[in-house]
Amino acid sequence: MSFQWVLDNATTLSIDRLDTVASTQSRDGTVKAISRGTPKKIFRVRLPDGPRWSDIYTDIVAAEALDRHTTATITIEYAKFPWYYGNTSPGSEESYTVICVEFP
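Quantities reported herein were computed from a predicted structural model and do not represent experimental measurements.

### Details of the overall build of the protein
Each helix and strand in the protein was counted, giving three helices and six strands. When the elements of the protein are put in sequence order from the N terminus, they spell out α-β-β-β-β-α-β-α-β. With 104 residues in all, the protein has 20% of them scored as buried. Counting only contacts in the protein whose residues sit at least 6 apart along the sequence, the fraction spanning at least 24 positions is 66%. With the model as given, the accessible surface of the protein reaches about 7,800 Å², and the carbon-plus-sulfur share is 52%.

As structure tokens, then:
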């Protein structure tokens, strides 16, 4: 069991790709902003409402057991999420090492 199961069964997937920035303002009103390192991608996934709890219980318990300390590798499949790749070819699927920061 991995987070890949969650992604493979997702009904929606959103990705926050915005940079985290820090800013300061001097006394004369000058504002300076700087990026705070390599931006992290935040994935938000929604599972379907339809499956019976008894059918997916073991998968959800296994995902929760990974907790907030276990990293896992996921692949965003072109066939399921073509919008993520824009105009790139289907052969360029991306993989990420992820950690769960929130589990409802």
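### Focus: the environment of Ser 14
You can see Ser 14 is positioned in strand β1 (residues 12-16). Each residue touching Ser 14, except ones within four places of it in the same chain, is listed here: Ile 42, Phe 43 and Arg 44.

### Here we look at the layout of surface pockets
The computed volume of the largest pocket comes to approximately 870 Å³. Taken together, 22 residues make up the lining of the largest pocket; nearest its centre are Phe 43, Ile 99, Cys 100, Val 101 and Glu 102. Contributing elements (two or more residues each) for the lining of the largest pocket: α1 (3-8), β4 (42-46) and β6 (94-99). A per-element tally of the lining of the largest pocket places β4 first, with five residues. Looking at the lining of the largest pocket residue by residue, the classes come out as 16 nonpolar, one polar and five charged.

### Thoughts on helix α2 (residues 53-65)
Spanning 13 residues, α2 covers 17 Å between terminal C-alpha atoms, matching the ideal 18 Å at 1.5 Å per step. In the structure, α2 departs most strongly from a straight axis at Asp 59, where the bend amounts to approximately 25°. Within the span of α2, buried status applies to Ile 56, Ile 60 and Ala 63. Looking at the buried positions of α2, the neighbouring elements they touch are α1.

Reading the values: rules and limits
- Counting restarts for each chain: residues are numbered from 1 in the order of the written sequence.
- Note on the predicted model: pLDDT of at least 70 is required for a residue's local features to be given, and 80 or more for side-chain atom pairs to be given and counted; whole-chain, interface and lining totals, by contrast, use all residues.
- With hydrogens and water stripped out, all remaining heavy atoms of the structure feed into the side-chain values.
- Helix and strand labels come from DSSP, where a helix needs a run of H or I of at least four residues and a strand needs a run of E of at least two; each type is numbered from the N terminus.
- When accessible area is computed with a 1.4 Å probe and restricted to protein chains, residues below 20% of their type maximum are described as buried, those above 50% as exposed, and intermediate ones as partly exposed.
- Residue contacts follow a heavy-atom distance rule, with two residues in contact if any of their heavy atoms lie within 4.5 Å.
- Residue-level accessible areas treat just the shown protein chains as cover; the underlying method is Shrake-Rupley with a 1.4 Å probe.
- Throughout, the protein atoms alone are placed on a 1 Å grid, and a set of points is a cavity if a 1.4 Å probe fits but cannot get out or a pocket if it is open with protein on both sides within 12 Å along at least five of seven lines; lining residues have an atom within 4 Å of a point.
- Grid points are joined across faces, edges and corners, and a volume is the space filled by probe spheres set on the points.
- Put simply, Ala, Val, Leu, Ile, Met, Phe, Trp, Tyr, Cys and Pro go in the nonpolar bin, Asp, Glu, Lys and Arg in the charged bin, and everything else, Gly too, in the polar bin.
- For a helix, the expected span equals 1.5 Å multiplied by the number of residues minus one.
- Bend is computed residue by residue as the angle between axes fitted to the seven residues ending at the residue and the seven residues starting at it.

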